[in-house]
Amino acid sequence: MTLHPMIAALRRHKAGVVLIALQIALTLAIVCNAVFIIGQRIQRVNRPTGLDESNLFLVSQQWVGAPSGDDPASVDKLDSMQQADLAALRSLPDVASVAPINSLPLLNSSWNGSVALQPGKDLRAGNARTTYYFSDEQVLSTLGLHLVAGRAFTAADVQHQAMHDQRGPSIVIMTKALADKLFPKGDALGKVIYLNGDAAPTTIVGLVERMQVPGVGSWTNSFTWNATLAPTRLNANFSRYAIRAKPGRLAAAMHAATPALYATNPMRVLDDDSVKSFADIRAEAYRADVGMAILMGVVCLILLAVTAAGIVGLTSFWVGQRHRQIGVRRALGARKVDILHYFQMENLVIASVGAVIGLLLAIGLNLLLMKHFEMDRLPVIYVLTGIVVVLALGQGAVFVPARRASNVPPVTATRAV
Amino acid sequence: MFSYYLDLALRSLRRNKALTALMVVAIALGIGASMTTLTVLHVLSGDPLPEKSSKLFYPQIDPQDMDGYKPQDDPPAQVTWLDGIALLHAKRGDHQALMTGGAVPVQPAQSSIEPFFEDARYTTADFFPMFDVPLLFGRPWTSADDDSHARVVLISRKLNDKLFQGHDSTGQTLRMEDAAFRIIGVLDGWRPSPHFYDLNSGNYSEDEGVFVPLTTARELKFGRSGSMDCWGKGSGGEDDLEAASCVWLQFWVELDSPAKAAAYKEYLLHYSQEQKTLGRFQRPPNVRLPDLMGWLDYNKVVPGDVRLQAWLAFGFLLVCLVNTVGLMLAKFLRRSSELGVRRALGASKRAVFAQLLVEAGTIGLAGGIGGLLLAFVGLWLVRMQPSDYASLARLDLPMLLATFLLAIGASLLAGLLPAWRACQVTPALQLKSN
């Protein structure tokens, strides 16, 4: 089959051809970028935090009428209240371990700072950014973190201090990502670092494989895996406890936590949000991303459906219009399959032109989005896959009208329409 | 003539139901998606105080040390206690208020209600007249109350309903953090959106339930929340925040004329220079004085995802329209012979064009109604979302009208090319081929 007569025929339907090609081009451009956004969101949502997330939950509570000063007596009183809570929670039958902690990955409440190799250099001097987790000797087992080098904290390491006390810890455990950034040779263990521009040295005693920062916003992208663990109980008029339930006993442990705390000390506020499973924390953190991915997915599907319907509609019209010509061709010896192929080929030509324009539009749209939104460069594979999809879509859509065309009997040629 | 065209249009649309349905559904989907996202965008980028926003300003000065100084840097987004109090007491604006947010435990007198935490705003007397805060009962506190650390509180209507069943509670006592406060006023449902005066606590979050003088809140060490930035020897210790080199307060000023705004900026410059001479500021004076909407723009309060969704929806609408143009073209050209007869019987090109546009407009109207229904469904889905702006997503009258205009305008636009092409038929040729 030669293309020449087909293109000559298409010239007589310029408007329709341009419209189908344009629709395919726009669909391709939008769908490629939307699918790319979906892919990015899914990748973000699925990245592991480094924690063993099953059977883990968090209790946040606030005392009423607790000492509010930063003087030693108030801080000691707050610490003894926290210790009493820890003891009560640890004695629960369904609880495996408990660690006091200032935040958790994905919780969106963070304490961030910087780590330097020299004293007196803070973040503005261009050092590694990190988030801090303050906890005690049970933190690794409670969160299920993997220690890859060095040692865990012991009970003797653990200090306590007021929330706003700026003293840094003398030892820390940090993530491998942060350690490798500071010590690219991989010999971070036992090295001395300086936190937040302090003059006091801090020693790295252990490395964990992976631990995410609490923030999920784009502002944390530069230090997502840079976490530092300090063996410090923070004392304030509120506290958070990460609790690992015994396997399969999560619901029971969550249920028992609130009464146990009230029994220890009734002067506190615990509301609906105070006891939260890690699964809920994760769902909440990524809800917007998941919502956006679903929306984009639905829009893509509808777009493809609308485009397919448009092709069916316009091709049906052409088939109706060319009824007689088809009859003539059939009468002159063309087989059914020749007519079918003619319409399929015609669609392929139009769709290919649309795909080429769509390729350019997709790249242009991606550049526009990169300029105005936080978005990466669209990988070529997305566009190529998109082209295959729209060509297949065109072939699928054209099949029904094309088959109808191939069923036009040759006798039509002799009849007036 | 119009009713005749309408009749023709309806007959023609009825003749090919599948094609008509496809066009209507395509327009409805495009319109529904665009209006949903546009409404959310419209709600989120609205002016929280339309009557006053051009007179409200957010002064920014740079009190930081030279560590990490870059000349092109923006000044911090908040002020220190020392600067805030200095600007407040200078009284250079028509109104000015210093503030921060927090949460306090409320201990209700009734034993039936457990103690709970309520979001609080710690501010100064001018907050209420400056932001035109409507009061249901009572009055705001005065600057004398600020100076005397008075134990007075204004509560939101919602909290008043919860604790006092909506009765006038002025004069009653409210216990917070083990201290007794006298209620002197109740706000009448006030929720500026975005929550412009403090963008640290959720841009579209619900507003605070209790309003307490800043001085009193500091004296009683009420829980503070929001963002704090420190430098140099600044520490975050709650006890010495007043002296610390940390920015943690918001300062707003009302300036009733552009001349006053220019003078105020000059004053901020002088203030910075003076502080630099005193050695407290180290950087060259760097002042800004954005007005309310300028401040919201600078902080990009409208979430990027919402803008992205609006773009996506308009791309979607565009594809739906191109689709409709194609289908209408097919439909109108198929009727060439019928149109040829009309032309031969004396109808002008213009009349045929008008007839076809009526048909396109009918499709647009049907699509618009469908789109409106879809927009209602879409907004209902948005309201089901947990984001803090979800409850704001409602269609108002201007957006309702905009929906219809967009639908009919879009479909007329889509009908122009097909109608014009169909008008070009040569009557003789069409009659002959029949």
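Not measured: the values here are computed from a predicted model. (Residues numbered from 1 in each chain as written. Chains lettered and ligands numbered in written order. Predicted model: local features only at pLDDT ≥ 70, side-chain atom pairs only at ≥ 80, totals over all residues.)

1. Let's talk about the overall build of chain A
Line of reasoning, step 1. A tally of helices and strands in chain A yields eleven helices and 14 strands.
Line of reasoning, step 2. Taken over the C-alpha trace, chain A has a radius of gyration of 33 Å; the compact-globule value for 417 residues is 22 Å, which it surpasses by more than 25%.
Line of reasoning, step 3. With the C-alpha coordinates of chain A rotated into their principal frame, the extents come out at 105 × 50 × 35 Å.
Line of reasoning, step 4. The buried share among the 417 residues of chain A stands at 42%.
Line of reasoning, step 5. Across chain A, every contact between residues at least 6 apart in sequence was considered, and the portion connecting residues at least 24 apart equals 82%. (Helix = DSSP H or I, 4+ residues; strand = E, 2+ residues; numbered from the N terminus. Rg over C-alpha atoms; globule rule 2.2 N^0.38 Å. Buried ≥ 20, exposed ≤ 12 C-beta atoms within 10 Å, placed from the backbone. Contact = placed C-beta atoms within 7 Å.)

2. Regarding the overall build of chain B
Line of reasoning, step 1. When its secondary structure is counted, chain B shows 14 helices and twelve strands.
Line of reasoning, step 2. A compact globule built from 434 residues would reach a C-alpha radius of gyration of about 22 Å, whereas chain B, at 31 Å, exceeds it by more than 25%.
Line of reasoning, step 3. Dimensions along the principal axes, computed over C-alpha positions, put chain B at roughly 95 × 60 × 35 Å.
Line of reasoning, step 4. Residues counted as buried form 44% of the 434 residues belonging to chain B.
Line of reasoning, step 5. Long-range pairs, those at least 24 residues apart, make up 76% of the contacts in chain B between residues at least 6 apart in sequence.

3. Topic: the pairing of strand β11 (residues 232-235) of chain A
All names here are of chain A.
Line of reasoning, step 1. Covered by surrounding structure in β11 are Thr-232 and Leu-234 together with Arg-233 and Asn-235, the residues of both alternating faces.
Line of reasoning, step 2. When strand β6 (residues 159-162) meets β11, the two strands line up parallel, connected through four bridges. Within β11, the residue paired with His-160 across the bridge is Arg-233. (Pairing = 2+ DSSP bridges.)

4. Quick notes on the domain arrangement of chain B
Line of reasoning, step 1. The domain boundaries assigned to chain B delineate domain 1 (2-45 + 303-433) and domain 2 (53-298).
Line of reasoning, step 2. Each of domain 1 of chain B and domain 2 of chain B has a C-alpha centre, and these two points are 50 Å apart. (Domains from an automatic or database assignment.)

5. Comments concerning the domain arrangement of chain A
Line of reasoning, step 1. Each domain of chain A was delimited in the assignment, giving domain 1 (4-45 + 288-414) and domain 2 (65-266).
Line of reasoning, step 2. One C-alpha centre belongs to domain 1 of chain A, the other to domain 2 of chain A, and the line joining them spans 55 Å.

6. Some remarks on the packing of helix α10 (residues 336-372) of chain A against helix α11 (residues 380-406) of chain A
Residues and elements named next belong to chain A.
Line of reasoning, step 1. Packing of α10 against α11 leaves a shortest axis separation of 8 Å and a crossing angle of 150 degrees. In terms of orientation, α10 lies roughly antiparallel with respect to α11. Both α10 and α11 take part in a crossing whose hand is right-handed.
Line of reasoning, step 2. Taken together, the residues of the contact of α10 with α11 break down into 16 nonpolar, seven polar and two charged. (Axes fitted to C-alpha atoms, helices over the stretch in contact; angles between N-to-C directions. Parallel < 35°, antiparallel > 145°, perpendicular 65-115°, else oblique. Left-handed = near helix turned anticlockwise from the far one by under 90°. Nonpolar A, V, L, I, M, F, W, Y, C, P; charged D, E, K, R; others polar.)

7. Examining the confidence of the model for chain B
Line of reasoning, step 1. With 96% of its residues at a pLDDT of at least 70, chain B reaches an overall mean of 85.
Line of reasoning, step 2. Two summary scores accompany this predicted model of the complex, namely pTM at 0.79 and ipTM at 0.78. (pLDDT = per-residue confidence, 0-100.)

8. Some details on the environment of Thr-426 of chain B
Residue and element names in this part refer to chain B.
Line of reasoning, step 1. Along the chain, Thr-426 turns up in the loop between α13 (397-423) and α14 (427-433).
Line of reasoning, step 2. Taking the C-beta count within 10 Å as the criterion, Thr-426 has 11 such neighbours and is therefore assigned exposed.
Line of reasoning, step 3. Along the chain, Thr-426 and Arg-343 lie 83 residues apart, while their C-alpha atoms are 8.5 Å from each other.

9. Focus: the packing of helix α8 (residues 287-321) of chain A against helix α2 (residues 17-44) of chain B
Line of reasoning, step 1. Between α8 of chain A and α2 of chain B, the least distance of the axes is 11 Å, while the angle of their chain directions is 150 degrees. Overall, the two elements α8 of chain A and α2 of chain B adopt an arrangement that is roughly antiparallel. Crossing hand, α8 of chain A versus α2 of chain B: left-handed. Judged by residue contacts, Val-299, Ile-302, Val-306, Ala-309 and Gly-313 of chain A of α8 of chain A engage Leu-19, Leu-22, Ala-26, Leu-29 and Ala-33 of chain B from α2 of chain B.

10. Remarks on the interface of chain A and chain B
Line of reasoning, step 1. With 41 residues of chain A at the interface, the matching set in chain B holds 42 residues.
Line of reasoning, step 2. Elements that contribute at least two residues to the side of chain A that touches chain B include exactly α2 (14-46) and α8 of chain A.
Line of reasoning, step 3. Looking at the side of chain A that touches chain B element by element, the count peaks at 16 residues for α8 of chain A.

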